[in-house]
Amino acid sequence: MSTRTRPRAHPDDDTTTYREALREGLREALASDDRVFLMGEDVGRYGGCFGVSLGLLEEFGPDRVRDTPLSESAFVGAGIGAALAGMRPVVEIMTVNFSLLALDQILNNAATLRHMSGGQLGVPLVIRMTTGAGRQLAAQHSHSLEGWYAHIPGLRVLAPATIDDARHVLSAALDDPDPVLLFEHGSLYNAAGTLDPAVQQVDLDRAAVRREGTDVTVVAYGGCVSKALEAAEELAGEGISAEVVDLRTLRPLDDATFVGSVRRTHRAVVVDEGWRSGSLSAEIESRICEQAFFELDAPVERVCSAEVPIPYARRLEEAALPQPAGIAAAARRVVS
Amino acid sequence: MAEFTMPSLGADMEEGTLSQWLVHPGDRVARGDVIAVVETAKSAIEVECFESGTVDTLLVDEGTTVPVGTPLARIGTTSESRPTADLSPSTPLVRRLAQDRHVDLAALHGSGPGGRITRADVEHAEPEPKPEHDKTTGLSEPTHTATARQQGTEPGRRKRSRGGAEASTPTARPPRPVHSDDPAGERQAPQRVRSSPLARRLATELGIDIAEVTGTGRGGTVRAEDVRSATAAGDAARPAVPNVARAATARLMSRSKREIPHFYLSTTVDMAAALEWMHARNHELPLSGRLVPAALLFKAVALAARKVPELNGHWVDDDFVPAEDVRLGVAVSLRGGGLAAPALAHADALTVAEMMATLRDLVARTRGGRLRASETADPSLTVTNLGDQGVEAVFGVVYPPQVALVGLGRIVERPVAVNGLLGVRPVVTATLSADHRAADGATGARLLTTMDRLLQRPEEL
């Protein structure tokens, strides 16, 4: 365990950011298990494309924090090989858009080897990547494709939405003997808050109720959870009590939690930054209808991204994404 | 198939009015479900069902008065119907299809998961004959049989032959498209009610016709809230129970005094120990759970009745029949006159706190006219407590066919000699009115002294 203490971004108080929380998780993993190493484009000298691994190269050296060439297929493949050989690699892919270059490795190798080897070969690999829009990075850096990965059996897909989850998600992911994909929403990196010392681990199998309510269930994940909470606050001012469920794990879905919530509120709004057609929101709505149809008092509403490549221009980008006002409007429609 | 009959809700009840059905044909009911409201001379009583199964036919219309024992409904018992007690509303498609084909969904038995009515069930059901076709009923019956036979023997060509057969059936309407987004279909079925699944489920549970409910949702959709407010309005609109309780009490008491040779005993019970114990308990209890002396007195009567079984029972056919347990009748004066004496089952087994809670609940529901049938079934011994009315003693009239009644007066402070010294003690006068045919004074004295003794050791109550 390293005894070095590092300066914090906010030395005056206890606040930390989502970025720092992820870094602490990484540092803890690197320090506590020799098999863990981090690799990806710019993770070393540059400190990670989004600054998550800043300082880790200096702390753990080039064997543990490795810069890779610009070849997603190659370094994800190398990660799979290292995992098969007994290591616990953490691979960073800059954004979900680039991960498609490694899709063959992720889907055809990482996700299938357990099954194809009759259980003999597990791939204990963690792949981190950024997803989502909201920072004017234009279409090729802004899409939300985690729903595609949530379609694939053999993978666990996580989307930490809070600082506490960001802090502890990595150790839980490394405990999984099979490949885990970690989706970090780009707009969350600067989100600041205080770590709850009572939280020492995250339960990857359970969705979390972030706010309790009685009139409508708002199901969200990742970068949309804070928007859903903002909408719930606005609705509370109008006397509408919204329950906000944070999925946390996109595969396997904890449908017991959100269906259970809908059974109590009888109404649902699903928020998903992915495109509506064939999206994760469609899966969630479908499960609500399958399991709680006769509990519904209104059709389920969905708030998704406009079905366009995410625009660069700020106002257009805002207009294309789910926003608190749109979530609140959908909730009003289902309760009225 | 079981029969649900007009229950006897008291020894004096000869007939009852079925004021409300809470189920419809096709509803699944479980043993203990409240399925009807019956108006007796005393109050409206919710009647439970003693079978589990599916309601087949309702034989008596609401508002009809029939003698006790008259069959009111036929219930298909569990073995011959679907096993689930779950109420299974149908899907929108099935409802639309049923409407198009004039099939009464309530009369169908579902073959889907959990007894749900499926599309195939509707397709195979015979349409309900319309009144204007009554004349042709003789004709239409064989046609249907032929249709069924044709379907059965030619499964491969079922779809086509069904369409053809239906077109030639005088009672059937031409098939309509069932696409939910088809605007023509929407226009042709203007009476279809838009309603949420939850509203429909609630309506089924509450026995409300959803077509009668005004929807306030988008596009006039009936939502759960609309169904709930419809129930509330329905309750408010229910006709008040006619005040015939006075007459019923008159009839019963006349019979008692005519038939029963009463004798009366009286004793004074020192309540100091009981009240001291009660006040100590109340210090520990939350406000809502605090005890009143009646709970202790009733418990003491119930225990005494168990210890003196000769007075706990009924006089039937010139013979005394002891009751198997203590069903303590509680005489409750009704608003607007008359008495009711609902029964507290296993009163001797309740703790004092349970007695308190049960008593409070029972009295409230008796006055509100919402008693359950099981609570009106013959008590084995009745208590009448007039202490809160300020009198010191009450010598009651035995409720036939019971053989005894305990009367309790007000707890008053009196100078009492205890162990040779005079002190001021709280005392209550307990009386016994008993049927001399069933018991003698000595037996009655045993009941009162047992009660007295029990109240001296309240911690053992």
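Reading the values: the criteria
- Residues numbered from 1 in each chain as written.
- Chains lettered and ligands numbered in written order.
- Predicted model: local features only at pLDDT ≥ 70, side-chain atom pairs only at ≥ 80, totals over all residues.
- Heavy atoms only, no water.
- UniProt positions renumbered as here; feature names shortened; annotations may be inferred.
- Helix = DSSP H or I, 4+ residues; strand = E, 2+ residues; numbered from the N terminus.
- Buried < 20%, exposed > 50% of the residue type's maximum accessible area, 1.4 Å probe, protein only.
- Contact = heavy atoms within 4.5 Å.
- Areas by Shrake-Rupley, 256 points an atom, 1.4 Å probe, with all protein chains shown as cover.
- Pairing = 2+ DSSP bridges.
- Salt bridge = Lys/Arg side-chain N within 4 Å of Asp/Glu carboxyl O.
- Axes fitted to C-alpha atoms, helices over the stretch in contact; angles between N-to-C directions.
- Buried area = accessible area lost by both parts, 1.4 Å probe.
- Polar contact = N/O pair within 3.5 Å; in protein donor to acceptor, adjacent residues only side chain to side chain.
- Nonpolar A, V, L, I, M, F, W, Y, C, P; charged D, E, K, R; others polar.
- Phe/Tyr/Trp six-rings, centres within 6.5 Å; stacked < 30°, edge-to-face > 60°.
- Core = buried A, V, L, I, M, F, W, Y, C linked by side-chain atoms within 4.5 Å.
- Domains from an automatic or database assignment.
- Parallel < 35°, antiparallel > 145°, perpendicular 65-115°, else oblique.
- pLDDT = per-residue confidence, 0-100.

Where an unreviewed UniProt entry is consulted, chain B appears under the name Dihydrolipoamide acetyltransferase component of pyruvate dehydrogenase complex, with the organism given as Streptomyces venezuelae. Under the heading Sequence similarities (unreviewed entry), UniProt records this for chain B: "Belongs to the 2-oxoacid dehydrogenase family." Per UniProt, chain B carries the Cofactor (unreviewed entry) text "(R)-lipoate".

The name given to chain A in an unreviewed UniProt entry is Alpha-ketoacid dehydrogenase subunit beta, with the source organism recorded as Streptomyces venezuelae.

Let us now look at the overall build of chain B. For chain B, the count of helices and strands is 13 helices and 20 strands. For chain B, the proportion of its 461 residues judged to be buried stands at 46%. When contacts within chain B are restricted to residue pairs at least 6 apart in sequence, those whose partners lie at least 24 apart make up 64%. Accessible area for chain B stands at about 22,600 Å²; split by element, carbon and sulfur atoms hold 53% of it.

For the rest of this paragraph, the subject is the overall build of chain A. Of regular secondary structure, chain A possesses 13 helices and 14 strands. Split into buried and exposed, the 336 residues of chain A put 57% on the buried side. Within chain A, contacts between residues at least 6 apart in sequence are counted, and of these 81% link residues at least 24 apart.

All names here are of chain B. A sheet is described by the order of its strands in space; here five strands give the open sequence S7-S2-S4-S5-S16, paired in mixed fashion. Two strands close off the open sheet at either side, each with one partner strand: strand S7 (64-67) and strand S16 (371-372). Of the strand pairs in this sheet, strand S4 (residues 34-39) and strand S5 (residues 44-48) are connected by five bridges, and their pairing is antiparallel. If you follow Val34 over to S5, its bridge partner there is Glu48.

On to the UniProt feature "domain: Peripheral subunit-binding (PSBD)" (unreviewed entry) in chain B. When the UniProt feature table is mapped to this numbering, "domain: Peripheral subunit-binding (PSBD)" (unreviewed entry) covers residues 89-126 and 194-231 of chain B. Taken end to end, residues 194-231 of chain B has its terminal C-alpha atoms 18 Å apart, with 47% of it in helix and 0% in strand.

Take the pattern of salt bridges next. Residues and elements named next belong to chain A. This structure, assessed with the given rule, holds 33 salt bridges over all chains. One salt bridge in this structure joins Arg210 and Asp246, with 2.8 Å as the shortest N-O distance. Of this pair, Arg210 sits in strand S9 (residues 208-211) while Asp246 sits in strand S11 (residues 242-246); the two residues are 36 residues apart in sequence, bridging distant segments of the chain. Since its relative accessible area comes to 0%, Asp246 is described here as buried. In this structure, Glu318 and Arg314 form a salt bridge, with 3.2 Å as the shortest nitrogen-oxygen distance.

A separate point is the sheet that holds strand S12 (residues 249-251) of chain A. All names here are of chain A. Strand order in the open sheet formed by seven strands is S3-S2-S4-S5-S7-S6-S12, with mixed pairing between adjacent strands. Strands at the two margins of the open sheet, each flanked by one partner only, are strand S3 (65-67) and S12. Neighbour-to-neighbour, the strand axes of this sheet turn through a mean angle of 20°, independent of strand direction. With three bridges connecting them, strand S2 (residues 36-40) and S3 associate as parallel partners. The residue of S3 that forms the bridge with Met39 is Arg66. Across the sheet, helix H1 (residues 18-32) is in contact with S2, S3, strand S4 (88-95), strand S5 (126-131) and strand S7 (180-185); its angle to S2 comes to roughly 130°.

Our next topic: the interface of chain B and chain A. The interface of chain B with chain A comprises 13 residues on the first partner and 13 residues on the second. Surface buried jointly by chain B and chain A totals about 1,100 Å² across both partners, of which 53% is contributed by carbon and sulfur atoms. Counting every contact that joins chain B to chain A gives two salt bridges. For the salt bridge of Arg201 of chain B with Glu295 of chain A, the shortest nitrogen-to-oxygen distance reads 2.4 Å. Linking chain B with chain A are six residue pairs in polar contact (both at pLDDT 80 or more), by the criterion used here. Of all the secondary-structure elements, those providing two or more residues to the side of chain B that touches chain A are helix H6 (197-206) and helix H7 (224-237) of chain B. Per-element tally for the side of chain B that touches chain A: the top contributor is H6 of chain B, with four residues. The residue inventory of the side of chain B that touches chain A, partitioned by class, reads six nonpolar, two polar and five charged.

Moving on to the packing of aromatic side chains. For the structure on display, the rule yields six aromatic pairs over all chains. Pairing Phe293 of chain A with Phe294 of chain A gives two aromatic rings, centres 5.0 Å apart and planes at 85°, and the pair type is edge-to-face. Taken together, a centroid distance of 6.2 Å and an interplanar angle of 55° make the contact between Phe4 of chain B and Trp21 of chain B tilted. Residue Phe4 of chain B is located in strand S1 (residues 2-5), and its partner Trp21 of chain B is located in strand S2 (residues 15-21); the two are separated by 17 residues in the primary sequence. Accessibility assignment for this pair places Phe4 of chain B and Trp21 of chain B in one class, buried. Site record: aromatic cluster; members linked through ring pairs are Tyr18, Phe50 and Tyr189 of chain A.

The biggest cluster of nonpolar side chains holds 75 residues, and the ones touching the most others in it are Phe4, Phe298, Leu311, Leu328, Leu344, Met451 and Leu455 of chain B. The biggest single contributor to this core is helix H10 (residues 293-307) of chain B, with eleven residues. Counting residues domain by domain, this core receives three or more from each of domain 1 (2-76) and domain 3 (245-460) of chain B. Ignoring anything within four residues of it in the chain, the contact list for Met451 of chain B reads Leu297, Ala300, Val301, Ala304, Val406, Leu408 and Ala430 of chain B. Val91, Ile93, Tyr149 and Ile152 of chain A belong to the second largest nonpolar core, which has 46 residues in total.

So, about the packing of H10 of chain B against helix H11 (residues 352-367) of chain B. Residue and element names in this part refer to chain B. The geometry of H10 relative to H11 is characterised by a closest axis approach of 9 Å and an angle of 110° between their N-to-C directions. It follows that H10 is roughly perpendicular to H11 by the angle criterion. Along its contact with H10, which presents Ala295, Leu296, Phe298 and Lys299, the element H11 presents Val352, Met355, Met356 and Leu359. Here the residues of the contact of H10 with H11 sort into seven nonpolar, no polar and one charged.

Here the amide bond leading from Arg251 of chain A into Pro252 of chain A is cis, since omega sits at -5°, within 30 degrees of zero. Structurally, Pro252 of chain A can be placed in the loop between S12 and helix H10 (255-265). Cis geometry marks the peptide bond from Pro400 of chain B to Pro401 of chain B; its omega dihedral reads 5°. Following the sequence through the fold, Pro401 of chain B ends up in the loop between strand S17 (381-385) and strand S18 (404-408). Here His266 of chain A, not a glycine, exhibits a phi torsion of approximately 70°, which is positive. Inspection of the secondary structure assignment puts His266 of chain A in the loop between H10 and strand S13 (268-275). Phi is positive for Asn419 of chain B, close to 50°, though the residue is something other than glycine. Mapped onto the fold, Asn419 of chain B is located in the loop between strand S19 (412-418) and strand S20 (421-435).

Mean pLDDT over chain A: 94, with 96% of residues reaching 70 or higher. In this model residues 1-5 of chain A is a low-confidence stretch, pLDDT under 50, and it forms five contacts with partners more than four residues away in sequence or in other chains.

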